[in-house]
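Single-letter residue listing:
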Amino acid sequence: MSHSFNNESVYDFDRIEREIWRRQRATGISRRSALRNIFGLGVGVAAGGLPTGAFAQGAGNTVKVIDPAFFTTIGTNHESKFETFKGQGYLTPASRFFVRNHTSTPVINGATWKLRIEGTGVTNPRDFTLDEILSYPSVTLTRAIECAGNGRSFFNTQQGTAASGTQWKLGAIGVGEWTGVRLSTLLQAAGVKQTAVDVQPEGLDAVVGATGHVRRALPIQRALEDDVLVVYGLNGDILPADHGFPARLLVPGWIGIANIKWLGRIEVSETPLFSAWNTTQYRYFGTAYPTEPVLTTQTIKSAFELPLNATLNRGLNLLTGRSWSAAGTIQTVEVSFNGGVSYQRATIKQGSNGDRAWALWQIPWVAKPGNAVLTARAVDNLGNTQPLSVPHNNQGYLFSAVVNHPVTVV
Ligand SMILES: Nc1nc2c(c(=O)[nH]1)N[C@H]1C(S)=C(S)[C@@H](COP(=O)(O)O)O[C@H]1N2
Ligand SMILES: [Mo]
């Protein structure tokens, strides 16, 4: 696919990125000011992701079968139905793992695939075959991957101001057992320099307008940490096509977009790297955020393993759910059966509370007929908790507030 300049919404995405650079170069002003000027002038950006419609292919943009019993399809994305995690184990099976594709899953031949590491920040730019990558010591970590926009729909339904982008409920998260090689191992093999500042992994999926391949830089300090992996395995199996085969990045605790799938190239640079994915996307925009900060880590959330507006039988119900924090593990989970008026402590399942993964919990409820609003709130090991509301941001990122979960008891 080449540039889709015949599609105005696609072109607009690229135009804004170019314009930021043009103004910045011409005037020497900061990137931030350039961004603000552009938004201040009212140039519309497709907030919160690519214009739906531009790439929407509906079902059929994945390799795995998207069973509507387990997924809600929104444009090119497939959200796990959180209630279907009930009774499942700790790990999210690959077949049930949410898919967030900017376009569609490319089918890549692992035998001919190569990962290129290059740029001003390495002395030995080189390719790695899959066999070479497999020959390095492997590391396995159980960690969540969660979209930055997970929970976005609640900005509308709960706080009354819609945010643009994929209207996820809480199912844009999965926990996998990821196996791969440390990114630092590959960077060292490519001769990473002391002077390198940014590392930008890039996907082999279809280019997005003229903005090029999906890519997003991370600072060298994070790239070199032990838990950042070039992953080739999920849950003891080969990494599936929809989740990045032959290799994807894993950056635990960071927003979903940091975990670039279908790696083809990693640019290491002595100067800062920018793309649409850290300039016009994945920043906080809106009146609450005058400095337009870039998003880095995920937050803390809780979800019941129940559909919204579920019907429950009167009497004893064992409610189950999951809570997670990008900062570490979950300390406590409290549940309210009366819309947050009073709370009771839920029980976290033994051995089900991993670092930057999730905690499985349960709580009994003797339900009386009528309507009720359930809420759950977690506190993590650093004392972070869930607020009652979060300031709005235009693209609806990082909704960490307590979610009202209506049910009817009959
Ligand atoms: N190359 C590439 N990498 C990507 C994406 C993409 O569209 N292309 N989507 C990102 C986003 S926004 C998220 S939330 C995660 C989703 O990972 P998953 O589809 O394996 O659940 O992948 C990230 N990596
Ligand atoms: Mo995402």
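No experiment lies behind these values; they were computed from the predicted model shown.

## Brief notes about the site of ligand 1
Taken together, the neighbourhood of ligand 1 is formed by 19 residues, with F98, H102, D205, H243 and K261 sitting nearest. Here an oxygen atom of ligand 1 sits 2.7 Å away from a polar atom, N or O, in the side chain of H243. The protein chains hide 100% of the 530 Å² of surface that ligand 1 would expose on its own.

## Some details on the sheet that holds strand β8 (residues 198-203)
Reading across from one edge, β5-β4-β13-β8-β9 is the order of the five strands in this open sheet, with mixed pairing throughout. Only two strands of the sheet have a single neighbouring strand rather than two, namely β5 (126-129) and β9 (218-219). Two strands pair when backbone bridges link them, and strand β4 (residues 114-118) and β5 are joined in this way by four bridges, in the antiparallel orientation. Across the sheet, residue K114 finds its bridge partner in β5, namely T129.

## Concerning the pairing of strand β19 (residues 347-353)
Sheet topology note: the β19/strand β20 (residues 359-367) ladder contains three bridges and is antiparallel. When the bridges of β20 are listed, N353 appears paired with A359. Connecting the antiparallel pair β19 and β20 is a turn made up of five residues, with R356 showing a positive phi of about 50 degrees.

## A short note on the nonpolar core
Formed by 45 residues in total, the largest nonpolar core has its most connected members in L115, I117, L183 and V230. Of all elements in the fold, only β4, α3 (130-135), α5 (183-189), α6 (220-223), β10 (229-234) and β13 (263-269) reach the threshold of two or more residues within this core. Apart from the residues within four sequence positions on either side, L183 is in contact with V199, A223, V228, L229, V230, L249 and I266.

## Side note on the sheet that holds strand β21 (residues 370-380)
Pairing within the open sheet is mixed, and its five strands lie in the order β15-β22-β21-β17-β18. Each having just a single partner strand, β15 (310-312) and β18 (344-345) make up the two edges of the open sheet. Relative to β18, strand β17 (residues 330-336) runs antiparallel, the two being bridged by two bridges. Pairing of E334 across the sheet is with R345, part of β18.

## A few points about the environment of Q298
Relative to the helices and strands, Q298 resides in the loop between β13 and β14 (300-304). Judged by its relative accessible area of 8%, Q298 is buried. Separated by 102 residues in sequence, Q298 and S400 place their C-alpha atoms 9.0 Å apart. Once residues lying within four places of it in the same chain are set aside, the contact partners of Q298 are E146, C147, A148, G253, W254, I255, G256, A326 and L398. Engagement of the side chain of Q298 in a polar contact is seen with the backbone oxygen of E146, the distance being 2.7 Å.

## Examining the side chain of R283
Position of R283 relative to the elements: it lies in the loop between β13 and β14. As a buried residue without a salt bridge, R283 has its nearest oppositely charged side chain in E292, at a separation of 5.5 Å. Among the polar contacts listed, one links the side chain of R283 to the backbone oxygen of E292, at a separation of 2.9 Å.

## Remarks on the pattern of salt bridges
Throughout the structure, instances matching the rule amount to 16 salt bridges. A salt bridge links E225 to R222; the shortest N-O distance between them is 2.6 Å. Linking R322 and E305 is a salt bridge whose minimum nitrogen-to-oxygen distance equals 2.5 Å. Pair noted here: R322 is in strand β16 (residues 315-325) and E305 is in the loop between β14 and β15, with a separation of 17 residues, a long-range link. A residue is classified by how much of its surface remains accessible, and R322, at 1% relative accessible area, is buried. A single network of salt bridges, built from pairs that share partners, joins R116, E118, D127, E202, R265 and E267.

## Brief notes about the confidence of the model for the protein
On average, residues of the protein score 89 in pLDDT, and 86% of them reach the 70 mark or higher. Here helix α2 (residues 31-40) stands out as the element of the protein with the lowest mean pLDDT, 48, in contrast to β14, whose mean of 99 is the highest. Within the model, pLDDT remains below 50 along residues 1-15, and this stretch shows 30 contacts once partners closer than five positions in the same chain are excluded. The low-confidence segment residues 38-59 (pLDDT under 50) makes 55 contacts with residues lying over four places distant or belonging to another chain.

## Details of the environment of A163
Inspection of the secondary structure puts A163 in the loop between α4 (153-157) and β7 (173-182). When neighbours within four sequence positions are excluded, A163 is seen to be in contact with R152, F155, H392, N393, N394, Q395 and G396.

## Comments concerning the pairing of strand β6 (residues 139-146)
Extensive coverage of β6 is indicated by the burial of six of its eight residues. Here β6 pairs with β7 via eight bridges, running antiparallel. Of the residues in β7, the one forming a bridge with E146 is I173.

## Notes on the packing of aromatic side chains
Scanning the model with the defined rule gives 15 aromatic pairs in all. Pairing F98 with W168 gives two aromatic rings, centres 6.0 Å apart and planes at 90 degrees, and the pair type is edge-to-face. Taken together, the residues span a long stretch of sequence, with F98 in the loop between β2 (77-80) and β3 (99-100) and W168 in the loop between α4 and β7 at a distance of 70 residues. Taken individually, F98 and W168 each receive the classification buried, so the pair is uniform in this respect. When the ring of F155 is compared with that of F399, the centres are 5.0 Å apart and the planes differ by 80 degrees; the resulting orientation is edge-to-face. With a gap of 244 residues between them, F155 in helix α4 and F399 in the loop between β21 and β22 (405-409) connect regions that are remote in the sequence. The side chain of R322 reaches across the aromatic face of W358, ending 4.7 Å from its centre. In this structure, R377 is placed above the aromatic ring of Y343, and the distance from its NZ or CZ to the ring centre is 3.7 Å.

Thresholds, definitions, all that
Residues numbered from 1 in each chain as written. Chains lettered and ligands numbered in written order. Predicted model: local features only at pLDDT ≥ 70, side-chain atom pairs only at ≥ 80, totals over all residues. Heavy atoms only, no water. Near = heavy atom within 4 Å. Polar contact = N/O pair within 3.5 Å; in protein donor to acceptor, adjacent residues only side chain to side chain. Areas by Shrake-Rupley, 256 points an atom, 1.4 Å probe, with all protein chains shown as cover. Pairing = 2+ DSSP bridges. Helix = DSSP H or I, 4+ residues; strand = E, 2+ residues; numbered from the N terminus. Core = buried A, V, L, I, M, F, W, Y, C linked by side-chain atoms within 4.5 Å. Buried < 20%, exposed > 50% of the residue type's maximum accessible area, 1.4 Å probe, protein only. Contact = heavy atoms within 4.5 Å. Lys, Arg positive; Asp, Glu negative; His and termini not counted. Salt bridge = Lys/Arg side-chain N within 4 Å of Asp/Glu carboxyl O. pLDDT = per-residue confidence, 0-100. Phe/Tyr/Trp six-rings, centres within 6.5 Å; stacked < 30°, edge-to-face > 60°. Lys NZ or Arg CZ within 6 Å of the ring centre and 35° of its normal.

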